[in-house]
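# Examination of the molecular architecture
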Amino acid sequence: MDQHDLLTRIQESGRLHGRNESRRVTATVLGVLSELLPATAYRRLILNVPEELRRALPVPETNRIVEIVDCRRFLARVADRLYTDSGDVAFLARVVLSELNAGERGVTPAELAHLVPMDLRPLFRSRPLIPWTGDSRVDVLVPATVRPLGATAESGVPGA
C-alpha cells in the first residue's frame, strides 16, 4: 500500500487539513489498536502500512495480556490522544478503518474483527461509503432501470 494513497484517501474521506493531520489520526487509531489486538494480529495488520507511518507506531510485546475494551472505551482512548470529542473520533476511526479495509493487500481490520468485542466489530468491518478514485469530482451512477414516473425507455423524459 502506497503511503501517499492511504494518507490521501484518509485526508479526503476524513476532511482533514493536511498530510500531517491524516498521519497523526491514522497513527493514533492504529496505536490504540495495538492495545486491543494480540501482538501477532497487530503486526500482520500494520505490515502493509507505509514504512514512515509504521515507524511511528508502538511495537506490541509478544507475551502481554490483551485488554478487552468496548467501543465506548476504544473511542474514548482515541479521543484522549487526539484531544477531540467523541463524535469526531467515531467518524475519524471509521474513516481510518474503512480505508484500511479498502486496501488491496495484506490483512484488513475486517479480517481481525472476530478478535474484538461484539460492539466494535461493525467499526472494524466498515467500508468506504464512496470508493476513492483519486478524482476530486464524484460521479453518481443511477441504474438504467430507475427512471422518473412516466418516462419512456428511449428518452428518459416523461411523456416523450
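Everything below is about the structure shown above.
The model shown is predicted, which means the values in this text are computed figures rather than measured ones.

Between helix H5 (residues 71–82) and helix H6 (residues 86–101), whose axes approach to 9 Å, the crossing angle comes to 100°. Overall, the two elements H5 and H6 adopt an arrangement that is roughly perpendicular. For the pair H5 and H6, the contacting residues are Phe74, Leu75, Val78, Ala79 and Leu82 in the first and Val89, Ala90, Leu92 and Ala93 in the second.

The next thing to look at is the packing of helix H2 (residues 19–36) against H6. For the pair H2 and H6, the least separation of the axes is 10 Å and the interaxial angle reads 85°. With respect to each other, H2 and H6 are oriented roughly perpendicular. Mapping the contact onto sequence places Val25, Thr26, Val29, Leu30 and Leu33 in H2 and Leu92, Ala93, Val96, Leu97 and Leu100 in H6. Here the contact of H2 with H6 is composed, by residue class, of 9 nonpolar, 1 polar and no charged.

What follows is about the nonpolar core. In terms of nonpolar packing, the biggest core is built from 40 residues, with Leu30, Leu33, Leu37, Phe74, Leu120 and Phe124 touching the most fellow members. When sequence neighbours within four positions are dropped, the list of residues in contact with Phe74 reads Val29, Val32, Leu33, Leu36, Val69, Ala93, Leu120 and Leu123.

Checked against the element boundaries, Met118 lands in the loop between H6 and helix H7 (121–124). Along the sequence, Met118 and Asp70 sit 48 residues apart, while their C-alpha atoms lie 8.1 Å from each other.

Our next topic: helix H3 (residues 39–46). Of the residues making up H3, those classed as buried are Ala39, Ala41, Tyr42, Leu45 and Ile46. The arc that holds the buried residues of H3, viewed along the axis, is 160°, so those residues lie on one side.

Right, let's get into the pattern of salt bridges. Scanning all chains against the criterion turns up 6 salt bridges. Of the charged contacts, one joins Arg81 and Glu35 as a salt bridge, the two residues approaching to 2.6 Å between their closest N and O atoms. Here Arg81 is found in helix H5, whereas its partner Glu35 is found in helix H2, with 46 residues between them in sequence. The class for Arg81 is partly exposed, based on a relative accessible area of 38%. Under the relative-accessibility criterion, Glu35 is labelled partly exposed at 23%. Within this structure, Glu35, Arg77 and Arg81 form a network of salt bridges that share partners.

Definitions and cut-offs
Residue numbers here run from 1 along each chain, matching the order of that chain's written sequence. In keeping with the model being predicted, local features are shown solely for residues with a pLDDT of at least 70 and side-chain atom pairs are shown and tallied solely at 80 or more, while totals for entire chains, interfaces and linings include all residues. Just so you know, side-chain values use all the structure's heavy atoms and leave hydrogens and water out. To obtain an axis, a line is fitted to C-alpha atoms, over the contacting stretch when the element is a helix, and the angle between two such axes runs from 0 to 180 degrees between their N-to-C directions. Each helix is a run of H or I in the DSSP string that is no shorter than four residues. Each strand is a run of E no shorter than two, and both are numbered from the N terminus. In this scheme, roughly parallel covers angles under 35 degrees and roughly antiparallel covers those over 145, while 65 to 115 is roughly perpendicular and the rest are oblique. Two residues form a contact once any of their heavy atoms are found within 4.5 Å. Residues are sorted three ways: Asp, Glu, Lys and Arg are charged, Ala, Val, Leu, Ile, Met, Phe, Trp, Tyr, Cys and Pro are nonpolar, and all the rest, Gly among them, are polar. We call a set of buried residues a nonpolar core when its members are Ala, Val, Leu, Ile, Met, Phe, Trp, Tyr or Cys and they connect through side-chain atoms within 4.5 Å of each other. Buried means the residue's accessible area, taken with a 1.4 Å probe over protein chains only, is under 20% of the maximum for its type, while exposed means over 50%, and partly exposed covers the values in between. Starting at the helix axis, one direction is taken to each C-beta atom, and the arc is that of these directions. By salt bridge we mean one thing: a side-chain nitrogen of Lys or Arg within 4 Å of a carboxyl oxygen of Asp or Glu.

Take it as geometry only, folks, not as evidence of what the structure does.
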